[in-house]
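A look at the structure
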Amino acid sequence: DAQITTTEEGIQFLWDRDAASYHFQTESTVYVENNLLKVSDKIPYPTTISESVRVYTLETEIIDITPEMDALAEELLAGEDDLYQAVFILANWTQNNVEYNLSTLNVQASQKSSYVLQTGEGVCDEITNLFISLARSRGIPARFVSGMVYSNLNQQFGAHGWAEVYIDGKWIPVDVTFGTFGWIDPSHIKFKDELGSNEASVSYEWIGSNVAFDLGEVDFSTEVEKTDGKAKEYISLEVQALEENVGPGSYVPIQITLSNPNDFYVPVQLYLTKAPGVLGKNTKNILLEPKEESSAFWVVQVPEDI
């Protein structure tokens, strides 16, 4: 059997006998908590960047910054003076204007941000890269995160990518694909953060004589061992139909009033879970400032054959 040593850099396997093949496997127990990273103070936008994070404002081969992106981000953030709100605006635009398209998964590497902006489609890595490009074009430090996430589409964990943005000395998570801007749920398992999405999450090297090294696929298998507790409710909300006496085919405005009693920002994702006849998307994202009360609106149509 191989001698196995764990180091800060990884896991080392050492053996000194002939073998037809070796299969390597490692298991980890990961604890994930549902904690909101709190930002209490308004951070001015544009913001002053420290040297320690300046590298996260530069473009890379994949996270490129074109004049079109720069002009778009400038237009979207015109008049905005709050850094957290600026990040929220860029994330919201990216989610609403880029379609998730699994067909690009057949490509060996992620497409550039400029390609995603041009075509209006991509997978999680590419959608995230475009958001990062827009943020970096405005001098906002942002980095790519690779990991795994649970999806209720196939009831299992799979590879995933999202972003982190530097606000008030904290790396705030932004998952454009899932529509969570400023938070992620505990189903996200982070492997590493990096400048762009084309860096490997798993790397290897080997030394030996008379050895043919043929690397197979790396497979990840994840299962939930235990869940405990309940996510804290940071806000209160009230739902009200603004018209009560309506008939078949009527359009009814729905108002959702949200209150944030906390002294820190709270990002909110709203769903109409049952929404026949809703005009537009059934989701909305809102960033509540400390002690803020705000409203969101939907319009739904009463069925003709009710």
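Further up the page is the structure itself.
About the cut-offs
- Residues numbered from 1 in each chain as written.
- Predicted model: local features only at pLDDT ≥ 70, side-chain atom pairs only at ≥ 80, totals over all residues.
- Heavy atoms only, no water.
- Helix = DSSP H or I, 4+ residues; strand = E, 2+ residues; numbered from the N terminus.
- Buried < 20%, exposed > 50% of the residue type's maximum accessible area, 1.4 Å probe, protein only.
- Areas by Shrake-Rupley, 256 points an atom, 1.4 Å probe, with all protein chains shown as cover.
- Lys, Arg positive; Asp, Glu negative; His and termini not counted.
- Charge placed at Lys NZ, Arg CZ, Asp CG, Glu CD.
- Polar contact = N/O pair within 3.5 Å; in protein donor to acceptor, adjacent residues only side chain to side chain.
- Pairing = 2+ DSSP bridges.
- Contact = heavy atoms within 4.5 Å.
- Axes fitted to C-alpha atoms, helices over the stretch in contact; angles between N-to-C directions.
- Core = buried A, V, L, I, M, F, W, Y, C linked by side-chain atoms within 4.5 Å.
- Patch = residues over 30% accessible without salt bridge, like charges linked within 9 Å, V, L, I, M, F, W, Y side chains within 5 Å.
- Salt bridge = Lys/Arg side-chain N within 4 Å of Asp/Glu carboxyl O.
- Phe/Tyr/Trp six-rings, centres within 6.5 Å; stacked < 30°, edge-to-face > 60°.
- Expected span 1.5 Å × (residues − 1).
- Parallel < 35°, antiparallel > 145°, perpendicular 65-115°, else oblique.
- Left-handed = near helix turned anticlockwise from the far one by under 90°.
- Nonpolar A, V, L, I, M, F, W, Y, C, P; charged D, E, K, R; others polar.

1. Considerations on the overall build of the chain
Per the secondary structure count, the chain includes 4 helices and 14 strands. Taken over the C-alpha atoms alone, the chain extends approximately 85 × 45 × 40 Å along its principal axes. By the burial criterion, 37% of the 306 residues in the chain qualify as buried. For the chain, the accessible area works out to roughly 19200 Å², and carbon and sulfur atoms hold 47% of it. In the chain, 18 positive and 47 negative side-chain charges are present, and the distance between their average locations comes to 6 Å.

2. Structural notes on the environment of Ser146
One can find Ser146 in strand S5 (residues 142–151). Residue class for Ser146 comes out buried when judged on its relative accessible area of 7%. Separated by 46 residues in the primary sequence, Ser146 and Lys192 have C-alpha atoms spaced 5.7 Å apart. Here Glu194 takes part through its side chain, which lies 3.4 Å from a polar atom of the side chain of Ser146.

3. Remarks on the sheet that holds strand S7 (residues 170–175)
Adjacent strands of a sheet pair through backbone hydrogen bonds, lying either parallel or antiparallel. The strand order S8-S7-S6-S5-S9 describes an open sheet built from 5 strands, whose pairing is antiparallel. Two strands lie at the open edges of the sheet, namely strand S8 (180–181) and strand S9 (189–194), each paired on one side alone. The strands touched by helix H4 (residues 124–137) within the sheet are S5, strand S6 (156–167) and S7, with S6 carrying the most contacts at an inclination of about 5°.

4. A look at the nonpolar core
Residues Phe131, Ile140 and Ile167 are the most contacted members of the largest nonpolar core, which totals 36 residues. For this core, the secondary structure elements donating two or more residues are helix H1 (67–76), helix H2 (83–97), H4, S5, S6 and S7. If one sorts the elements of this core by residue count, H2 sits on top with 8 residues. Setting aside chain neighbours within four positions, we find Ile140 in contact with Tyr45, Tyr56, Thr57, Leu83, Ala86, Val87, Leu90, Ala135 and Val165. In terms of nonpolar packing, the next biggest core, distinct from the first, is built from 18 residues, Tyr234, Val268, Ile286 and Ala296 among them.

5. With respect to a nonpolar patch on the surface
On the surface, Tyr204, Trp206, Val211, Phe213 and Leu215 cluster together to form a nonpolar patch covering roughly 500 Å² of accessible area. Its place among the elements puts Phe213 in the loop between S9 and strand S10 (236–241).

6. Brief notes about the packing of aromatic side chains
With the rule as written, the count across this model stands at 7 aromatic pairs. Between the aromatic rings of Phe88 and Phe181, the centroid separation amounts to 5.4 Å while the plane-to-plane angle is 80°, which identifies the pairing as edge-to-face. Of this pair, Phe88 sits in helix H2 while Phe181 sits in strand S8, placing them 93 residues apart in sequence. On the basis of relative accessible area, Phe88 is assigned to the buried category, the value being 7%. Given the relative accessible area of 2%, Phe181 is considered buried. Counting every residue linked through ring pairs, the aromatic cluster contains Tyr56, Tyr166 and Trp171.

7. Digging into the environment of Gly79
Tracing the backbone shows Gly79 in the loop between H1 and H2. For Gly79, a relative accessible area of 81% translates into the label exposed. For the pair Gly79 and Tyr45, spaced 34 residues apart in sequence, the C-alpha separation works out to 9.6 Å.

8. Concerning H2
For H2, with 15 residues, the first-to-last C-alpha span of 21 Å sits near the 21 Å given by 1.5 Å per residue. With 11 of 15 residues buried, H2 is to be regarded as a mostly interior element. With a side-chain oxygen lying 3.0 Å from the backbone nitrogen of Tyr84, the N-terminal cap of H2 falls on Asp82.

9. Observations concerning the packing of H1 against H2
Where H1 contacts H2, the two axes come as close as 10 Å, and the packing angle between them is 120°. Relative to H2, the element H1 is oriented oblique. With respect to the hand of their crossing, H1 and H2 are arranged in right-handed fashion. Contacts between H1 and H2 involve Leu72, Ala73 and Leu76 from the first element and Ile89, Leu90 and Trp93 from the second. For the contact of H1 with H2, the residue count by class is 6 nonpolar, no polar and no charged.

10. A few points about the sheet that holds strand S11 (residues 251–259)
Spatial ordering of the open sheet is given by S10-S11-S14, a layout of 3 strands whose pairing is antiparallel. Here the strands that pair on one side only, and so sit at the sheet edges, are S10 and strand S14 (293–301). Sheet twist, expressed as the average angle between the axes of neighbouring strands with direction ignored, equals 20°. Note: S10 against S11, 6 bridges, orientation antiparallel. Residue pairing for S11: Leu237 is matched across the bridge by Leu258.

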